[in-house]
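# Analysis of the macromolecular model
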Amino acid sequence: NTAPALTSFTRQNPVNSPTNADLLIFSATFSEDVQNVDSSDFTVIGTTASITLVTPVSTSVYEITVSGGDLATYNGVVGLNLAVGQDIQDLVGNTLPVGEPATDETYLMDNTPPALNSFTRQNPTANPTSADVLVFRATFSENVQYVDASDFTVTGTTATITLLTSVTASVYDLTVSGGDLAGLNATVGLNLAVGQDLEDLAGNLLP
């Protein structure tokens, strides 16, 4: 005579959040074996995407696939709720009560690519200069990953990027030295390299 309980909605695939995935799989876990589980027993929150597949892993664990709608361009939180009027029962007919599980994971959708906000003079800050070592600061609109010296090119000199230092996950200092810098009379700057592979934490590529 004990009713079943929905114990959790968890992220199954991808497991990481934020994400820009166009297909999300949640895992719904119940306290005991249940029956009558289908897509009409759940609702998707935060997006016009819908439940396109419910796959039983066991009679107490079900994978729920969410796709379509505006998911490919959506920025916001996506989660699951039990639907009003759901008819899930345990194997002897006790009805699942309404309510949210104790563990209720969601996805933060991020489909906006990062931006490179600025290259600024970090050291020395004065211009013009005769310094043989120049430090530029690259600032991005959000946290980015896979940042290394090969993502940038130096303009106006044969000097190269000899050090890249992470200040934060969105701010990086790039040291330029060597080459003809010691005797150069010209403008030195930085560009993004052709083929750079920078992306934000959700996997959106830097334009």
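Residues numbered from 1 in each chain as written. Predicted model: local features only at pLDDT ≥ 70, side-chain atom pairs only at ≥ 80, totals over all residues. Heavy atoms only, no water.

Bringing the overall build of the chain into the picture now. Assigned secondary structure in the chain consists of zero helices and 18 strands. Relative to the 2.2 N^0.38 estimate, which gives 17 Å for 207 residues, the radius of gyration of the chain is 26 Å and therefore markedly larger than a compact globule would have. Judged by the C-alpha coordinates and their principal axes, the chain covers about 85 × 30 × 25 Å. Per-residue burial for the chain yields a buried fraction of 39% across its 207 residues. Within the chain, contacts between residues at least 6 apart in sequence are counted, and of these 67% link residues at least 24 apart. (Helix = DSSP H or I, 4+ residues; strand = E, 2+ residues; numbered from the N terminus. Rg over C-alpha atoms; globule rule 2.2 N^0.38 Å. Buried < 20%, exposed > 50% of the residue type's maximum accessible area, 1.4 Å probe, protein only. Contact = heavy atoms within 4.5 Å.)

This next bit is on the sheet that holds strand 6 (residues 61-67). One open sheet accounts for five strands, arranged 5-6-2-1-9; its pairing is mixed. The open sheet has two edge strands with one neighbour each: strand 5 (50-56) and strand 9 (103-104). Pairing between strand 1 (residues 6-13) and strand 9: two bridges, direction parallel. Bridge assignment links S8 to a residue of strand 9, and that residue is T103. (Pairing = 2+ DSSP bridges.)

The volume enclosed by the largest pocket comes to roughly 360 Å³. If you trace the largest pocket, you find 18 residues lining it, with N127, T129, L134, A186 and V188 closest to the centre. Those elements that provide at least two residues to the lining of the largest pocket are strand 11 (116-123) and strand 12 (133-140). Split by residue class, the lining of the largest pocket holds eleven nonpolar, six polar and one charged. (1 Å grid on protein atoms, 1.4 Å probe; cavity = no way out; pocket = protein on both sides within 12 Å on 5 of 7 lines; lining within 4 Å. Points joined across faces, edges and corners; volume = space filled by probe spheres on them. Nonpolar A, V, L, I, M, F, W, Y, C, P; charged D, E, K, R; others polar.)

Let us look at the packing of aromatic side chains. A full pass over the atoms with the stated rule returns five aromatic pairs. Their ring planes at 75° and their centres at 5.1 Å tell us that F26 and Y107 sit as a pair that is edge-to-face. Taken as a pair, F26 in strand 2 (residues 23-30) and Y107 in strand 10 (residues 107-109) lie far apart in primary sequence, 81 residues in all. Each member of the pair F26 and Y107 is classed as buried. Judged by centre distance (6.1 Å) and plane angle (70°), the ring pair of F119 and F152 falls under edge-to-face. In this pair, F119 is assigned in strand 11 and F152 in strand 14 (residues 152-155), connecting sequence segments 33 residues apart. Look at F119 and you get partly exposed, because its relative accessible area is 27%. Positioned above the aromatic ring of Y107 is the side chain of R11, whose terminal nitrogen or guanidinium carbon lies 6.0 Å from the ring centre. (Phe/Tyr/Trp six-rings, centres within 6.5 Å; stacked < 30°, edge-to-face > 60°. Lys NZ or Arg CZ within 6 Å of the ring centre and 35° of its normal.)

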